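Listed here are the chains, written in short residue letters.
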Amino acid sequence: MLEREESEFYDAVIVGAGHSGLYMLHKLRGLGFSAIVLEAEDDIGGTWYRNRYPGLRCDVESVLYSYSFDEDLDQEWEWSERFPAQPEILDYLNHVADRFDLRRDIVLNSEITGATWDDDARAWTLRAVNGKSYRGRFCLMATGILSVPSMPSDELTGAFEGEWYHTANWPKDPVDFTGKRVGVIGTGSSAVQVIPRLAEQASHLYVFQRTPAFAIPANNYRLDDDYRAWWRENFRGVREKNRWGTIVGFGDTRMDDRYRVAPVPSALDATPEERRARYQMFWDMGGGQITIGYPDLIVNEDANRTLADFTEQKIDEIVSDPETADALKPRGFPVGTKRPCLEIGYYEAFNRDNVTLVDLRRDPLARTAEHGIETRSGACYALDALVFATGYDAVTGALVRMNIQGRRGTELAAKWAAGPVAYLGLMTADFPNLFMLLGPTSPSAFTNCISSIEQHVDWIADLLVTMRGDKQEVVEVTSDAEEAWSRHAAELVGQTLFPKANSWYMGDNIPGKPRRMLIYVGGMASYREKCNAVAAAGYEGFVFSGPTAVVSS
Ligand code: NA7
């Protein structure tokens, strides 16, 4: 493990050695900046190291869920499946770390417990859990949007005498559930992935569902030589199109515009037959694209209903027991306003004799007892093991827990008590020289995160190079700029159906978390253009100062 002198001063201190932190380090190094990465875990990989539950895979296609900054890397790494499983993503990240010799500047086992800005020194000091501290001119938070699990309350675990796990905090050694009675709490993406795998092992699996998922077949497949040859020929164009020509920065890579672009602006303009054919095309293709199959699905409730109807029919076709099928139908929120889940054998799992769906909407959870779960009706489900697939404190979770203090001791957690504000999702006022990769109100989870990470890293790096050229040492954003950005982001959200669902996108899943859309809904291409326009206008909304500038209080 890397040991560093605490007296060393870096141009940049980066927190997190996942996709964001690794590329940030590589980029800054290449530009001649000194940088160090501090990582809480005992290895690199970030979210893809920490998360390792059975069945875990990414819902973005592997060839796109990978860096594009180096064409040789793009060409030499061969993905084995359309949607990459967690071990392969982690292998890829380790390959990247080795290939670019990144490990020599990564300090592991260094969870950050505090970060403080010093106006006089124009520097950040970061304190790690092991008592060490690190200083640098810039602080780059590469802490991930899904890195802090939403752990169950003591009420849910306290009395239980069996083993229990959280999907986002899975043991390193595989867990064997063979012959055990297992309960899964939650039916979001993690649950949808883990349930079919647990069903294969458990003697009986009880799925405790509060809100049914909207799950679409992944249609995962192995990538063969033909596919790879196609990728080698087309990767530049595909990547460019995904950067600039799509809302989300991903899609079926081989889908051409005849299918990608909706034939009519509204689902309601299509005949029922046309709609069904289009939904069926996306359903067969697999992947989350179905939710943008017509441009108005996410803004018009009637249009959205047509997709919900299609999904309900599909569930009826797959799930044999009508009562179970009915309970599994997503209701109470427009489809796509909670993250659509990609499934492999999810609905089929409920046709197994050893799987029971417990509908908590009809019979809410009462308590976890010593040997299982009791519902309000008095039903008792005896369990040997419990799996909580209860999600994350997303986007802001890691940032507000880190005790970050900006100018005049301003605490980030206090500043964001009513919800996060951040100009372009990159910086927040009173926190000079602190950048957030995939920060709140940037497109993050509504895009292919790797494309968004590259865009953030490249944009920030350009800014730092400009500052170096201009001999400026401090950059910060104005309150006016961040408020205007927040207003703009909120206005866009107001035009959508997202506020109609209780979701982690809106912060609803964490008790006490303010309700605010955490992600920019304006789309990847438009966000890119806005960031570039800001830079072209001399970094409008940002204020710079040099070594001798006096900062007003
Ligand atoms: P999610 O999508 O936040 O799902 C969490 C699930 O856990 C969801 O079904 C919740 O139901 C359920 N939940 C949470 N707390 C409880 C309690 N106390 N009782 C019953 N059910 C509960 O997290 P995931 O990990 O599945 O996915 C997160 C993202 O990771 C995903 O969107 C992808 O981007 C990758 P609720 O909906 O709140 O009623």
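Definitions and cut-offs
Residues numbered from 1 in each chain as written. Predicted model: local features only at pLDDT ≥ 70, side-chain atom pairs only at ≥ 80, totals over all residues. Heavy atoms only, no water. pLDDT = per-residue confidence, 0-100. Contact = heavy atoms within 4.5 Å. Phe/Tyr/Trp six-rings, centres within 6.5 Å; stacked < 30°, edge-to-face > 60°. Helix = DSSP H or I, 4+ residues; strand = E, 2+ residues; numbered from the N terminus. Buried < 20%, exposed > 50% of the residue type's maximum accessible area, 1.4 Å probe, protein only. Lys NZ or Arg CZ within 6 Å of the ring centre and 35° of its normal. Near = heavy atom within 4 Å. Polar contact = N/O pair within 3.5 Å; in protein donor to acceptor, adjacent residues only side chain to side chain. Areas by Shrake-Rupley, 256 points an atom, 1.4 Å probe, with all protein chains shown as cover. Nonpolar A, V, L, I, M, F, W, Y, C, P; charged D, E, K, R; others polar. Domains from an automatic or database assignment. Buried area = accessible area lost by both parts, 1.4 Å probe.

1. Digging into the confidence of the model for the protein chain
Link 1 in the chain: With 96% of its residues at a pLDDT of 70 or more, the protein chain has an overall mean of 94.
Link 2 in the chain: Every residue in residues 549-553 scores below 50 in pLDDT, and together they form four contacts with partners more than four places removed in sequence or on other chains.

2. Concerning the packing of aromatic side chains
Link 1 in the chain: Counting across every chain of the model gives 37 aromatic pairs.
Link 2 in the chain: On the numbers, 4.4 Å between centres and 10° between planes, the contact of Tyr23 with Phe69 is stacked. Placement of the pair is Tyr23 in helix α1 (residues 19-30) and Phe69 in the loop between α2 (47-50) and α3 (71-76), with a sequence separation of 46 residues.
Link 3 in the chain: Residues Trp459 and Phe542 carry aromatic rings whose centres are separated by 5.6 Å and whose planes lie at 45° to one another, so their mutual orientation is tilted. Here Trp459 is found in helix α15 (residues 449-469), whereas its partner Phe542 is found in strand β20 (residues 542-545), with 83 residues between them in sequence. Pair check on accessibility: Trp459 and Phe542 agree, each one buried.
Link 4 in the chain: The structure contains a cluster of three or more aromatic residues connected by ring pairs, namely Tyr23, Tyr67, Phe69, Trp77, Trp79, Tyr92 and Phe100.
Link 5 in the chain: Stacked on the ring of Phe33, the Lys or Arg Arg468 has its end atom at 4.2 Å from the ring centre.

3. Examining the site of the ligand
Link 1 in the chain: Close to the ligand lie 18 residues; Thr187, Ser189, Ser190, Arg210 and Thr211 are nearest.
Link 2 in the chain: With respect to the ligand, the side chain of Thr211 contributes an N or O atom lying 2.5 Å from an oxygen atom.
Link 3 in the chain: For the ligand, whose unbound accessible area comes to 780 Å², protein coverage reaches 81%.
Link 4 in the chain: For the shell around the ligand, the class distribution of residues is seven nonpolar, eight polar and three charged.

4. Some details on the domain arrangement of the protein chain
Accessible area lost when the parts come together is the quantity often used to give the size of an interface.
Link 1 in the chain: Taken as a whole, the protein chain is organised into domain 1 (9-147 + 393-545), domain 2 (149-214 + 338-391) and domain 3 (215-337).
Link 2 in the chain: Computed over C-alpha atoms, the centres of domain 1 and domain 3 are 29 Å apart.
Link 3 in the chain: Every contact between the two is made by 37 residues of domain 1 and, on the other side, 39 residues of domain 3.
Link 4 in the chain: Regarding the contact of domain 1 and domain 3, the summed buried area is about 3,200 Å², with carbon and sulfur atoms giving 54% of it.

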